[in-house]
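# Structural overview for review
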Amino acid sequence: MASAMASVATWNIAAINNNPFEYWVTYADAEYIDFMRGVEKLLGQDDRAVVEDGFTETMFRDLINELRGLEVGSLEEIERLWNEDISKRRMVQGFLKDKSIGDKRLASVPDRITNTIHLVDGSTLKRPTVINAFAGSALSSTELWWEAWKKFMFHTKVEISFGNCETKHQMVWSLIGPIPRSKYPAITPEEQAISVQLQILYLAILDAVFVFIANRVAPGRWEKVRQNLCEALIYNKDGRVCDILATSYKEKRIVFLQEASAAFVHKARNHRGLTDTFKIMLPTTFNGKRGQNSIILVSRAAFDISTAADVTDKVLGHIDGNFLEAGDLFALRIDDVGGQGYLLVSFHGDSNGLSTRPVLEGLHAAFVKRFSGNIFIAGIVSNTSSQASDKFHHGVRDFRALLEKQGVVSVWDKADDRMITTTCSARTSLQMQLNKAVSFKNRFSMANMSLKDWIL
C-alpha cells in the first residue's frame, strides 16, 4: 500500500480554461498590465450606461428572430425579462457584477461549452469573443462582431467526439443544454425551464460588452496582448501536458486526471511516449461536449489491463442526490500484475465542494458493500476551502473529519492546513464570473489559496 501511494499522482488539467485573460498571471509585459488595469478602471467607474447601450434593442430582436426558428421553447418570458428588467439594468453594477448570474452559471456554462469547440478532425472552432484565442478582424467593432457571432451560434454545424468513438453533428447553439437546479440551486424553477434561451441571451450580452470594453480601453492594441498570452498559455496545451506526463510522471503507477477533454484524449492516445507507458482509461459516460471528464492512466507494467472494468454505475448507485454530470466521476476496478485488486476513482467536485461529502459517503458505502477485497485509491478535486466552511462551502477541516470517520487516509494526513495549498488563483475582470473578480492590487492578498487536490 505504501509503495502504491508513493507512485500515484493527481492533476486537474483544466481543459475548459481557454480564456487567456481569466486569471492574473505573472507576465513581464507592460502592455498586458496597462490593458488589464484599464479594464479594471473602466469597470470601477460610476458609469451610467445600461445593458441596452452595449447590446442594443436591434441586436435583441435579431436574437429573438434567430431563436424563433429553433426548438428552444417559448420566447415570451425572455422578451418580458428583456423589456422589463435586463435591458434597463446598469451595465456594470446591475449586470456584469450581478452575483446571481455567476451563481446560476447562466453565462459561464454556455461559455465553457462554446468558447473553443474541439472537432473530430483535431481542429478547433472558436466563438467570436474577447475571452478566447479567436483570430480575425471581427472583434474590431461591435457591428462586425455581431454578424460573426450570429453566424457562429445559429448557422454553424460541428462534428464533435464524445470520447468513445462516438461522433455527432450538431448546430453550435444546440450544444447548450438546460441548467439543472439540482446542481445549481440558485436558479429558480422558472429560470430552469427557459435556461437554454437565457444562457444564449446572457452569453450574447456579455460577449458584446467585452468587445465594447476591449476596444474602448486599448483600440488596435489589445489583440496583440491576447495573442502573446495565447502563445504562452493556450496553444498546444494538450501536447505539453502529454509531454509532461510522459516524462516527469513516467514512473507513476497511477495518474488521476480531472477536467480532460475529448481533444486531450485524442492527443494522448496518439502520443507514443505516453501510450507506451500508460493505458488511458475512460468512463463509458465520457462527455465530449463538456470537456470536464475524470479519467485514469494506469501503468502497463504494473497492472493487468485485461482485468479493467468501469464500475462507475455501481458506485453512483450508492450516491444520494442528482448533482453529478456525466464524466464528473470515474470508478475503475482493476488487478495489478500480482493479482491484487484495486478500486481506483477520479473525481472533480463542484466549485464550492458541496458535492464532495455525498460522493465520499457514497464511495465508502460502495467500497464496503461491493469492493471490500480491493485497495481503494482516489485522486480527487474536492474544491474544499481552507478559508471557509458554511452551507455554501465545504471546508478542509470538515473534509478531514469525514475522512477520519470513514477510516480513509490521505496524502495530506500529517500536513498543517494553514501551510498546504494546491491552488493560488485570482480572477480578473475579463471573465464570465465577474462577481469573483479580484483587483490587480489585491491579486495576491485576495487570491483563492486552498487545499483542493487530494490523493486518498
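Our structure is the block above this text.
To start, this report covers the structure provided alongside it. Computed from a prediction, not measured in an experiment: that's the story for all the values here. Sequence order sets the numbering: in each chain, residues are counted from 1 along the sequence as written. Two thresholds apply to this predicted model, a pLDDT of at least 70 for residue-level local features and 80 or more for giving and counting side-chain atom pairs, whereas whole-chain, interface and lining totals are computed over all residues. Water and hydrogen atoms play no part in the side-chain values, which are based on all heavy atoms of the structure.

Helix and strand labels come from DSSP, where a helix needs a run of H or I of at least four residues and a strand needs a run of E of at least two; each type is numbered from the N terminus. Within the secondary structure, Gly-362 is located in helix H17 (residues 356-370). When the C-alpha atoms of Gly-362 and Leu-316 are compared, they prove to be 7.3 Å apart, with 46 residues separating the residues in sequence. For Gly-362, the residues in contact, after removing those within four places along its chain, are His-318 and Ile-319. Residue contacts are counted whenever heavy atoms from the two residues lie within 4.5 Å of one another.

Moving on, we come to the sheet that holds strand S10 (residues 329-336). Spatially, S9-S10-S11-S12-S13 is the arrangement adopted by the five strands of the open sheet, whose pairing is mixed. In this open sheet, the two strands that pair with only one neighbour each are strand S9 (303-310) and strand S13 (453-455). Ignoring strand direction, the axes of neighbouring strands in this sheet form an average angle of 20 degrees. Paired strands, as defined in this entry, are two strands with at least two bridges between them according to DSSP. Bridge analysis of S9 against S10 gives four bridges, and the strand direction is antiparallel. Bridge pairing in S10 links Phe-303 to Asp-336. To obtain an axis, a line is fitted to C-alpha atoms, over the contacting stretch when the element is a helix, and the angle between two such axes runs from 0 to 180 degrees between their N-to-C directions.

This part covers the packing of helix H9 (residues 142-154) against helix H11 (residues 195-217). Where H9 meets H11, the closest approach of the two axes is 10 Å, and the angle between their N-to-C directions is 150 degrees. Relative to H11, H9 is oriented roughly antiparallel. Between H9 and H11 the crossing geometry is right-handed. Only Ile-200, Leu-203, Ala-204, Asp-207, Ala-208 and Val-211 of H11 make contact with H9, whose side of the interface consists of Thr-142, Trp-145, Trp-146, Trp-149, Met-153 and Phe-154. Lys, Arg, Asp and Glu make up the charged group, whereas Ala, Val, Leu, Ile, Met, Phe, Trp, Tyr, Cys and Pro make up the nonpolar group; the residues left over, Gly among them, are polar. Across the contact of H9 with H11, the residue classes tally to 10 nonpolar, one polar and one charged. Any angle from 65 to 115 degrees is called roughly perpendicular, while one under 35 is roughly parallel, one over 145 is roughly antiparallel, and all others are oblique. Left-handed describes a crossing whose near helix is turned anticlockwise from the far helix by less than a right angle; the clockwise case is right-handed.

Here the focus is the pattern of salt bridges. Any carboxyl oxygen of Asp or Glu within 4 Å of a side-chain nitrogen of Lys or Arg constitutes a salt bridge here. Applying the stated rule across the entire model yields 21 salt bridges. With a closest N to O distance of 3.9 Å, Glu-31 and Arg-221 form a salt bridge. Taken together, the residues span a long stretch of sequence, with Glu-31 in helix H2 (residues 30-44) and Arg-221 in the loop between H11 and helix H12 (222-233) at a distance of 190 residues. Exposure remark for Arg-221: the relative accessible area of 42% places this residue in the partly exposed category. Bridged by salt links that share partners, the residues Glu-57, Arg-61, Arg-68 and Glu-79 form one connected network. Residue exposure (1.4 Å probe, protein chains only): buried if accessible area is under 20% of the type maximum, exposed if over 50%, otherwise partly exposed.

When its volume is computed, the second largest pocket comes out at roughly 640 Å³. Looking at the second largest pocket, it is lined by 30 residues, and the ones nearest its centre are His-118, Gly-122, Asp-238, Ala-262 and Ala-263. Every element with two or more residues in the lining of the second largest pocket is listed here: strand S2 (116-118), strand S3 (124-126), helix H13 (237-247) and helix H14 (262-269). Broken down by element, the residue count for the lining of the second largest pocket peaks at six residues, all from H14. In the lining of the second largest pocket, the residues fall into 11 nonpolar, 14 polar and five charged. Cavities and pockets are defined on a 1 Å grid built over the protein atoms alone: a cavity is a set of grid points where a 1.4 Å probe fits but cannot escape, while a pocket is an open set with protein on both sides within 12 Å along at least five of seven lines, and lining residues are those with an atom within 4 Å of any such point. Grid points are joined across faces, edges and corners, and a volume is the space filled by probe spheres set on the points.

What follows is about the nonpolar core. Among buried residues, the Ala, Val, Leu, Ile, Met, Phe, Trp, Tyr and Cys ones that are joined through side-chain atoms within 4.5 Å form a nonpolar core. One finds Phe-55 and Trp-149 to be the most contacted residues of the largest nonpolar core, which totals 79 residues. The element contributing the most residues to this core is H11, with 15 residues. If near-sequence neighbours (up to four positions away) are discounted, Phe-55 is found in contact with Phe-60, Leu-63, Trp-82, Trp-146, Leu-201, Ala-204, Ile-205 and Ala-208. By size, the runner-up hydrophobic cluster in this structure holds 25 residues, among which are Phe-323, Leu-343, Phe-371 and Phe-376.

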